[in-house]
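# Coordinates in review
So you can see what is in the structure, the chains are spelled out below.
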Amino acid sequence: MLIGGSKHNIDTKGRMFFPARFKEDLWEDITICRGVEKCLMLFSPEEWKLFSDRIKSQPFSVSSQLQRYFFSTAAQCSVDSQGRLLLPQPLRDYAGLKKDVWVVGTQNRAEIWDLDEWNRAQDALTNEDVKALMDKIGF
């Protein structure tokens, strides 16, 4: 399970050291795509298949738009022997990733955020918001 968060830096070539704690779940054949929020989502092959199949199973009027959004800029990558992950430029541009990033495990995927954007998003989420979301899903 992918959990926890940590700060990392992107070098001038677009590489970053990837958290070693994700090695068991997410190291080779990683699919990276745009997130729903201003971040990148990273999937293992198994989780990418589940994600893709769920989108594909929707009515065409919905699935075609989602397929273009997620798949048109998706990339397959792996962590190199030195523990670095190369993030493609179009994906870095989408998420506004320049240097300082936050990598977070979100159970079945990881996300990469610009550090300032992550802090803004976390500051905007109140305890009342979390309570309302928990109520909405029946907790």
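Quick note: structure is the one above.
The text that follows walks through the structure, step by step, so that each part is easy to find. (Residues numbered from 1 in each chain as written. Predicted model: local features only at pLDDT ≥ 70, side-chain atom pairs only at ≥ 80, totals over all residues. Heavy atoms only, no water.)

### Description of the packing of helix α1 (residues 45-56) against helix α2 (residues 60-71)
Any two packed helices are characterised by how steeply their axes cross, that is the angle between the axes, and by the distance between the axes. In contact at an axis separation of 9 Å, α1 and α2 are set at 150° when each is read in the N-to-C sense. Relative to α2, the element α1 is oriented roughly antiparallel. Touching W48, F51, S52, I55 and K56 of α1 are S63, L66, Q67, F70 and F71, all from α2. The residue makeup of the contact of α1 with α2, split by class, is six nonpolar, three polar and one charged. (Axes fitted to C-alpha atoms, helices over the stretch in contact; angles between N-to-C directions. Helix = DSSP H or I, 4+ residues; strand = E, 2+ residues; numbered from the N terminus. Parallel < 35°, antiparallel > 145°, perpendicular 65-115°, else oblique. Contact = heavy atoms within 4.5 Å. Nonpolar A, V, L, I, M, F, W, Y, C, P; charged D, E, K, R; others polar.)

### So, the pairing of strand β7 (residues 100-105)
Where strand β1 (residues 5-9) lies against β7, five bridges are found, and the strand directions are antiparallel. Bridging from a neighbouring strand, N9 pairs with D100 of β7. Where β7 meets strand β8 (residues 110-114), five bridges bridge the pair, whose relative direction is antiparallel. Counterpart to V101 in the pairing with β8 is D114. Counting the residues that bridge the hairpin from β7 to β8 gives four residues, and of these Q107 lies at a positive phi of roughly 85°. (Pairing = 2+ DSSP bridges.)

### Focus on the sheet that holds β1
Read from one edge of the open sheet, six strands run β1-β7-β8-β4-β3-β5, paired in antiparallel fashion. Each edge of the open sheet is held by one strand with a lone partner, namely β1 and β5 (75-77). Within this sheet the neighbouring strands show an average axis-to-axis angle of 25°, counted without direction. Lying on the sheet, α1 is in contact with β3 (30-34) and β4 (40-43); it crosses β4 at an angle near 115°. Those strands touched by helix α4 (residues 115-124) are β1, β7 and β8, and its axis lies near 105° from that of β8.

### Here we look at the pattern of salt bridges
Opposite charge on two side chains permits pairing when their charged atoms draw close. By the definition in use, this model includes eight salt bridges. Here R15 and D11 are joined by a salt bridge, their closest N and O atoms 2.8 Å apart. Assessed through its relative accessible area of 22%, R15 is described here as partly exposed. Here K56 ties to D53 by a salt bridge, and the two come within 3.9 Å at their closest N and O atoms. Taken together, the residues K56 and D53, both in helix α1 and three residues apart, mark about one turn of the helix. (Salt bridge = Lys/Arg side-chain N within 4 Å of Asp/Glu carboxyl O. Buried < 20%, exposed > 50% of the residue type's maximum accessible area, 1.4 Å probe, protein only.)

### A word on the nonpolar core
Counting 23 residues, the largest nonpolar core has F18, L42 and L85 as its most contacted members. Secondary structure elements with two or more residues in this core: β3, β4, β5, α3 (89-95), β7 and β8. Not counting the four nearest positions on each side in its chain, F18 is found in contact with L26, W27, I30, L42, V79, G83, L85 and V103. Membership of the second largest hydrophobic core comes to seven residues, among which are M41, F43, F51 and F70. (Core = buried A, V, L, I, M, F, W, Y, C linked by side-chain atoms within 4.5 Å.)

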